[in-house]
Amino acid sequence: VQADEDFRPDFHFTPKSGWMNDPNGMFYLDGTYHLFFQHNPDDNVWGPMHWGHATSTDMINWEEQPIALEPDEHGTIFSGSAVVDHENTSGLGDGETPPVIAIFTYHDADREQEGEDDFQTQGIAYSLDAGKTWTKYEENPVLDNPGIRDFRDPKVIWYEEENKWIMSLAVQDHISFYSSSNLLDWQHESDFGQALGGHGGVWECPDLFPMQVEDTEEEKWVLLVSINPGGPNGGSATQYFVGDFDGSTFTPDESIADLGEEHDYWIDFGKDNYAGVTWSNIPEEDGRHLFIGWMSNWQYANEVPTETWRSAMTLPRDLNLTQQENTYRIVSTPVRELNEYSSERISESSVEIEDSTSLATSADLDLSKAEILFEIPQLQQNQQYTFSLSNDKGDVLKFGYDHGKEEFFIDRSNSGLVDFNDNFGDKISSAPRLSESKNLKVRAITDNMSIELFFDEGQTVMTEIFFPQQAFKNFSAESDQSFKISDFKINQLKHNQE
Ligand code: FRU
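Rules of the game
Residues numbered from 1 in each chain as written. Predicted model: local features only at pLDDT ≥ 70, side-chain atom pairs only at ≥ 80, totals over all residues. Heavy atoms only, no water. UniProt positions renumbered as here; feature names shortened; annotations may be inferred. Helix = DSSP H or I, 4+ residues; strand = E, 2+ residues; numbered from the N terminus. Rg over C-alpha atoms; globule rule 2.2 N^0.38 Å. Buried < 20%, exposed > 50% of the residue type's maximum accessible area, 1.4 Å probe, protein only. Contact = heavy atoms within 4.5 Å. Areas by Shrake-Rupley, 256 points an atom, 1.4 Å probe, with all protein chains shown as cover. Lys, Arg positive; Asp, Glu negative; His and termini not counted. Charge placed at Lys NZ, Arg CZ, Asp CG, Glu CD. Pairing = 2+ DSSP bridges. Axes fitted to C-alpha atoms, helices over the stretch in contact; angles between N-to-C directions. Patch = residues over 30% accessible without salt bridge, like charges linked within 9 Å, V, L, I, M, F, W, Y side chains within 5 Å. Salt bridge = Lys/Arg side-chain N within 4 Å of Asp/Glu carboxyl O. Near = heavy atom within 4 Å. Polar contact = N/O pair within 3.5 Å; in protein donor to acceptor, adjacent residues only side chain to side chain. Nonpolar A, V, L, I, M, F, W, Y, C, P; charged D, E, K, R; others polar.

Per an unreviewed UniProt entry, the protein goes by the name Fructan beta-fructosidase and belongs to Salegentibacter flavus. Recorded in UniProt for the protein, the comment headed Sequence similarities (unreviewed entry) runs: "Belongs to the glycosyl hydrolase 32 family."

As structure tokens, this is what we get:
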């Protein structure tokens, strides 16, 4: 069996030691991307939450920093966001550098134990050295709890039209919006979502932001809402709503006005992308909507077979909004910065697949840190296309597309260590195909313990983790009818660590 360090991803963020869940407080400033994260530094399971911290100039090569926020008399530090207060609306700046303000949830476990419902409140902290060190605001909390058990994960944005801040907050089965002129005093504006979309679990980690619809001048507002449980393949997942926002109320687009419990508006259909939100303060010249998620699932996150560290983030992704058949869809692709870590090892303009065809082995490259790209031109009726990664221990991870059902799939039931939790390898995950194209483009990215599948250039995404007994050494394709793949490439991905 592989050791902890063999499972550790090469170019995905992991904490050096201890437990990690949600990404928090991501902001960009002066060439540096900041990532904070839910962290229990002293144990490998969820516990008293701190905000860990990491920095990067490209979102791929991360450097872990000292812990940013520690629990205090108001509670432990749950998820939240951070903004750069350019105009010093909070008055917490020193008049020279704009303060960075973190807005987070305090979780008071003592009050919870006493049987009270008001144990989650919102607090803030500020940094005058671009995120390095943080001071808690003396008059915390800035938003009290109205007596609701789930009242958390504030995500704050600047609403330019009215010069005010907007906070999206997860409140049990809906999102509440609050506004503020100074980040200190908050007014309730409206509630959204009680009767829309998935409600198989509690709503968590919202993110509201405007997006320009690709190839148009139209602007729409997107609201990400994580839900646990209730994901399309069980456990945790992130759904999204597209609509309009007027500074007070979010109105879903008419194409999703009746969106029910079962729907296909998910950021990622795989089991391991949760609580993701976007970076703040991305310069206008850049304009990207940069997203990162936690690459695990509450069904089994505390039991995955690593001991010294637990959990990784997904690859950072660039979100785009497209218009498709009278509705709007988010498309996600890995950030272009990943290309700097990639070198081509295999390139074939066309390959014939018959029965079972080997496409690459460990003699060609290290398949456990690779980017596999190809196209299936002319999908054939009712054909199932299966691709697999395997090793000498008999572990196999399968993924592919069933054109009869118009569904993608990942099957990790036989991918190595799966018995640590009943929900890990019991079912084959599936995802609908949203594109109508006759050709299928596939981009698969592996990193020791994970696969991220971007089908149809990111229209359907599936991310899952796995724990093989030995690194995967073979990549092959199978089908009962022969078929052709074109533009087949495999690139080696390598983190340039000294
Ligand atoms: C989501 C979540 C958040 C909460 C945090 C606690 O995974 O449950 O709602 O703030 O994790 O660690």
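There is more to say after this.
### Brief notes about the overall build of the protein
Of the regular secondary structure elements, the protein holds 2 helices and 33 strands. By the compact-globule yardstick of 23 Å for 498 residues, the protein fits well, its C-alpha radius of gyration being 22 Å. Along the first, second and third principal axes, the C-alpha set of the protein runs to 70 × 50 × 45 Å. Taken over 498 residues, the protein has a buried fraction of 61%. A fraction of 63% describes how many contacts in the protein between residues 6 or more apart in sequence connect residues 24 or more apart. When the accessible area of the protein is evaluated, it comes to approximately 19200 Å², of which 40% is carbon and sulfur surface. Of the charged side chains in the protein, 31 are positive and 92 negative; the average position of the first set lies 7 Å away from that of the second.

### Description of the sheet that holds strand β16 (residues 250–252)
In spatial order, the strands read β13-β14-β15-β16; together these 4 strands make up an open sheet with antiparallel pairing. For this open sheet the edge positions go to β13 (202–212) and β16, each flanked by a neighbour on one side alone. Strand-to-strand, the axes of this sheet are offset by a mean angle of 40 degrees, without reference to chain direction.

### So, the sheet that holds strand β1 (residues 18–29)
Strands sit in the order β4-β3-β2-β1-β19 across an open sheet of 5 strands; the sheet is mixed. Two strands close off the open sheet at either side, each with one partner strand: β4 (63–69) and β19 (309–310). Here 7 bridges tie strand β2 (residues 32–40) to strand β3 (residues 50–56), and the two strands are oriented antiparallel to one another. Looking at β3, one finds that His39 is bridged to His50.

### Details of a negative patch on the surface
Taken together, Glu160, Glu161, Glu219, Glu284 and Glu285 make up a surface patch of like negative charges. The residue Glu285 is located in the loop between β17 (274–278) and β18 (289–294) in this model.

### Topic: the site of the ligand
In the vicinity of the ligand, the residues found are Asn21, Asp22, Gln38, Trp46, Met49, Phe78, Ser79, Arg152, Asp153, Glu204, Tyr274 and Trp298. A distance of 2.9 Å is found between an oxygen atom of the ligand and a side-chain nitrogen or oxygen belonging to Trp46. In the complex, the protein chains occlude 95% of the 320 Å² of accessible area that the ligand would expose alone. Going through the elements one at a time, β1, β5 (76–84) and β9 (152–159) are the ones with two or more residues in the shell around the ligand. Partitioned by chemical class, the residues of the shell around the ligand number 5 nonpolar, 3 polar and 4 charged.

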